[in-house]
Amino acid sequence: ESEKEHLRAELLRQQKEAQRSYEQAADKQQRCEDEQTQRLASEVLTRELKLQNQQFEKRVNLLEHDLWEAEHSNAEALAERQHTNDADRVHDTSDKVRDTAGRVHDALRLQDTSPQLRNGERERERERERESE
């Protein structure tokens, strides 16, 4: 009997050890599966981040191009506006010169036709004639 009990105890110990060994193996397998899952998830996330980064870079490039076009367009508009302003100033100056020339012409015409001026010129001519005699 004692041999049977001893064998039973040994069998029970071996069963417990086998159970513990099985549980450890199952835990190890679960950890390996978890690590593999994490590695796969990490790879998937890395690919997704790379794709998002590429899309972001494309958007940045498009925005930089749009910005360049806007700056170029603004520069052209500014140059055109400056040209228009310069042309307006030239036109205004031309108008002022024309007005001034007209006033000078009118003043000269008035001088020539002014009776007092003509009388004054006649007197000067008479004085010159007297001096020359």
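Source: prediction; values computed, not measured.

Enquirer: Residues and numbers for the overall build of the chain, please.
Expert: In terms of helices and strands, the chain carries 2 helices and 0 strands. Its C-alpha radius of gyration of 55 Å places the chain more than 25% over the 14 Å reference for a compact globule of 133 residues. Overall size of the chain, expressed as C-alpha extent along the three principal axes, is 180 × 20 × 20 Å. Total accessible area on the chain is roughly 12,800 Å²; 51% of this is exposed by carbon and sulfur atoms. Of note, the chain has its 24 positive side-chain charges centred 2 Å away from the centre of its 33 negative side-chain charges.

Enquirer: Give a description of the pattern of salt bridges that names residues and reports values.
Expert: A complete count under the given rule lists 5 salt bridges for this structure. Here R13 and E10 are joined by a salt bridge, their closest N and O atoms 2.3 Å apart. Here R13 and its partner E10 are both found in helix α1 (residues 2–113), 3 residues apart, which amounts to about one turn of the helix. We classify R13 as partly exposed; its relative accessible area is 41%. On the basis of relative accessibility, which here comes to 26%, the residue E10 falls in the partly exposed class. Ionic pairing is found between R13 and E17, a salt bridge with its closest N-O pair at 3.2 Å. Placement of both R13 and E17 in helix α1 is noted, with a separation of 4 residues, approximately one turn of the helix. A single salt-bridge network, built from bridges that share partners, covers E10, R13 and E17.

What counts and what doesn't
- Residues numbered from 1 in each chain as written.
- Predicted model: local features only at pLDDT ≥ 70, side-chain atom pairs only at ≥ 80, totals over all residues.
- Heavy atoms only, no water.
- Helix = DSSP H or I, 4+ residues; strand = E, 2+ residues; numbered from the N terminus.
- Rg over C-alpha atoms; globule rule 2.2 N^0.38 Å.
- Areas by Shrake-Rupley, 256 points an atom, 1.4 Å probe, with all protein chains shown as cover.
- Lys, Arg positive; Asp, Glu negative; His and termini not counted.
- Charge placed at Lys NZ, Arg CZ, Asp CG, Glu CD.
- Salt bridge = Lys/Arg side-chain N within 4 Å of Asp/Glu carboxyl O.
- Buried < 20%, exposed > 50% of the residue type's maximum accessible area, 1.4 Å probe, protein only.

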